[in-house]
Amino acid sequence: MIQLVEVLMTRKVVTVKPADTLAVAASKMKAGPFRRLPVVAADQLVGIVSEFDLTRYADALDSTLVETAMTRHPITVMSSETLERAAALMRQHKVGALPVMHGAKLVGIVAAKDLMMPEPRPLPQWDPRNRR
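As the structure is a prediction and not an experimental result, all values here were calculated from the model. (Residues numbered from 1 in each chain as written. Predicted model: local features only at pLDDT ≥ 70, side-chain atom pairs only at ≥ 80, totals over all residues. Heavy atoms only, no water.)

(A) How the structure looks around the sheet that holds strand β4 (residues 77-78). Taking strand neighbours across the sheet as the criterion, the three strands line up as β4-β5-β6 in an open arrangement whose pairing is mixed. The open sheet has two free edges, formed respectively by β4 and β6 (105-111), since each of these has just one partner strand. Of the pairings in the sheet, the one linking β4 to strand β5 (residues 97-102) comprises two bridges and is parallel in character. Bridged to Met78 within β5 is Met101. (Pairing = 2+ DSSP bridges. Helix = DSSP H or I, 4+ residues; strand = E, 2+ residues; numbered from the N terminus.)

Written out as structure tokens, the structure reads:
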């Protein structure tokens, strides 16, 4: 039986804006708990920011904008695609989550853990007190 991404995706997606600080993103990730957040501007997906991105700016979370650290033009999957296709994209691009689109609209997110896959590369346990 073929299952579609829309079956397993998280529908209530927590997002950040490019002009938010990394401290805002860190707070949302911790509250989630999430390891990645889609970045949305004017109802358009413009990037994705991860815990790994935050570690690079650990000393400046309050003064660094999300747009500085985010990955632009993230790999996405359509809600109507198969879970197998989503898993293949994650493996191919070595990413741990994919924003899920319906046309040009962000409708969800699917993570490696949703597909019972390991992270493509272990993300460090992020703690703002552990500064580099």
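From this point on, the discussion continues.
(B) Quick look at the sheet that holds strand β3 (residues 71-72). Overall, antiparallel pairing links the three strands, which are arranged β1-β2-β3 in an open sheet. Either end of the sheet is taken by a strand with one partner, and the two such strands are β1 (36-41) and β3.

(C) Region of interest: the nonpolar core. Ranked by size, the top nonpolar core spans 14 residues in total, and within it Val5, Val77, Ala86, Met90, Leu98, Val110 and Leu115 carry the most contacts. Looking at this core, the elements that each hand over two or more residues are α5 (83-93) and β5. In terms of residue count, the dominant contributor to this core is α5 (five residues). The contact partners of Ala86, leaving out residues within four places of it in the chain, are Val5, Val77, Leu98, Val110 and Leu115. Grouped together as the second largest cluster of nonpolar side chains are 13 residues, Ala25, Val49, Leu61 and Ala69 included. (Core = buried A, V, L, I, M, F, W, Y, C linked by side-chain atoms within 4.5 Å. Buried < 20%, exposed > 50% of the residue type's maximum accessible area, 1.4 Å probe, protein only. Contact = heavy atoms within 4.5 Å.)

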